[in-house]
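Observations on the three-dimensional arrangement
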Protein chains: 2
Amino acid sequence: MKQLTKAEEEIMQILWDLGEANVASIINKFSEPKPAFTTVSTIVRILESKDFVGYRKEGRGHIYFSKIEKETYSNQSLHKLMDGYFQGSFQSMVSFFVRKNDIATKDLEEILEKINKNEDKK
Amino acid sequence: MKQLTKAEEEIMQILWDLGEANVASIINKFSEPKPAFTTVSTIVRILESKDFVGYRKEGRGHIYFSKIEKETYSNQSLHKLMDGYFQGSFQSMVSFFVRKNDIATKDLEEILEKINKNEDKK
DNA sequence: CAAATATAACTAAATATTTAGTTTAAACTA
DNA sequence: TAGTTTAAACTAAATATTTAGTTATATTTG
């Protein structure tokens with residue numbers, strides 16, 4: 001699956017955040033200095049050509065929306081990291097991260113609890 | 001902290017793997033089609049200028065080595081992902097990944113066990 | 001020491017990415 | 001409907017990345 005460049009990712013994040021938006025709304029989400037209309041428009045059309053973004057016509061312009069779930073993309077990115085740095089092992093990745101960042105085991109226990117709770121609901 | 005480009009990362013992975021290496025050994029690690037000597041040499045010198053790589057003289061040439069721990073870089077990358085896609089929350093990231101990939105809770109339990117075991121040793 | 005060889009440094013060119021100006025088309029308004 | 005406005009499409013240029021050729025330098029060997 002395709003990788004987003006830095007500028008592309010920034011705009012995807014905004015689209016994931018807003019759900020859908022025209023170019024003006026996207027620009028609005030940038031902090032100063034805001035990029036030019038044409039800059040954003042260009043990147044959006046690149047994303048369109050890469051099939052990350054779709055649009056529908058509305059009034060005078062286009063309303064853009066993401067065609068790929070944020071979840072799908074982040075999952076793929078995590079997998080890439082896991083494969084490249086932890087021999088594809090989820091356990092390695094998590095235990096490394098816990099140790100490295102002094103994450104309390106209580107946090108892991110809480111995650112387990114929450115997951116088990118939701119499993120019950122099924 | 002600086003981000004590695006695709007070509008740079010490939011070579012860093014090899015250096016992390018080998019510990020240290022000259023250009024020839026790096027090329028050797030590539031599968032066909034192997035890049036040209038000059039290509040690898042250029043990227044190594046870029047990594048040098050970015051302070052990712054150092055070298056020492058040996059005989060006729062240079063022996064290169066990573067100046068950044070693989071652990072440091074992967075930790076930073078994971079943090080970036082966590083911040084960008086999971087509001088900086090470790091719990092969100094892990095529970096998302098577990099659900100999304102149908103990872104058995106047993107895996108998480110095992111991680112906990114292992115960590116607790118090592119904590120005892122301290 | 002001179003020639004051959006191996007390697008790094010320098011340079012360049014192809015490609016990808018980022019940024020934004022100009023032109024064109026659509027639709028709103030007076 | 002003609003002029004004005006707004007946004008998209010087209011185009012271009014600056015910058016970053018990737019790839020590799022050429023030249024310079026140092027080491028080995030005959």
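Preceding this paragraph is the structure being described.
This section reports on the structure supplied with the text. (Residues numbered from 1 in each chain as written. Chains lettered and ligands numbered in written order. Predicted model: local features only at pLDDT ≥ 70, side-chain atom pairs only at ≥ 80, totals over all residues. Heavy atoms only, no water.)

1. Section: the overall build of chain A
What counts is decided by this rule: Helix and strand assignments follow DSSP, with helices taken as H or I runs no shorter than four residues and strands as E runs no shorter than two, numbered in order from the N terminus. Radius of gyration: C-alpha atoms only; globule rule: 2.2 Å multiplied by the number of residues to the exponent 0.38. It only takes one pair of heavy atoms within 4.5 Å for two residues to be counted as in contact.
Each helix and strand counted, chain A has 6 helices and 3 strands in total. Relative to the globule expectation of 14 Å for 122 residues, the C-alpha radius of gyration of chain A, 19 Å, shows a markedly less compact shape. A principal-axis box enclosing the C-alpha atoms of chain A has dimensions of 55 × 35 × 30 Å. Within chain A, contacts between residues at least 6 apart in sequence are counted, and of these 46% link residues at least 24 apart.

2. Details of the interface of chain B and chain A
Our working rule: Whenever Lys or Arg places a side-chain nitrogen within 4 Å of a carboxyl oxygen from Asp or Glu, that contact is recorded as a salt bridge. Nitrogen and oxygen atoms within 3.5 Å of one another constitute a polar contact, given that in protein one can donate a hydrogen and the other can accept it, and given that sequence-neighbouring residues count only through two side-chain atoms. Charged means Asp, Glu, Lys or Arg here, nonpolar means Ala, Val, Leu, Ile, Met, Phe, Trp, Tyr, Cys or Pro, and polar covers whatever is left, Gly included.
On the chain A side, the residues contacting the 40 residues of chain B number 40 residues. At the boundary of chain B and chain A, one finds 0 salt bridges. Counting every contact that joins chain B to chain A gives 14 residue pairs in polar contact (both at pLDDT 80 or more). At 13 residues, helix H4 (residues 70–85) of chain B tops the list of elements feeding residues into the side of chain B that touches chain A. Grouping the constituent residues of the side of chain B that touches chain A by class yields 18 nonpolar, 13 polar and 9 charged.

3. A short note on the sheet that holds strand S3 (residues 61–66) of chain A
Residues and elements named next belong to chain A. Quick note on the threshold: Two strands are said to pair when DSSP picks up at least two bridges between them. Orientation is described by axes fitted as lines to C-alpha atoms, over the contacting stretch for helices, and by angles from 0 to 180 degrees between their N-to-C directions.
Across the sheet, which stays open at both edges, the 3 strands sit in the order S1-S3-S2 with antiparallel pairing between neighbours. At either margin of the open sheet sits one strand with a lone partner, and together these are strand S1 (20–21) and strand S2 (53–58). The sheet contact formed by S1 and S3 spans 2 bridges and is antiparallel. Bridge pairing links glutamate 20 to phenylalanine 65 in S3. The strands touched by helix H1 (residues 6–18) are S1, S2 and S3; relative to S3, the strand with the most contacts, the crossing angle is about 95°. Contacts from helix H3 (residues 37–49) reach S2 and S3 within the one sheet, and its direction differs from that of S2 by about 115°.

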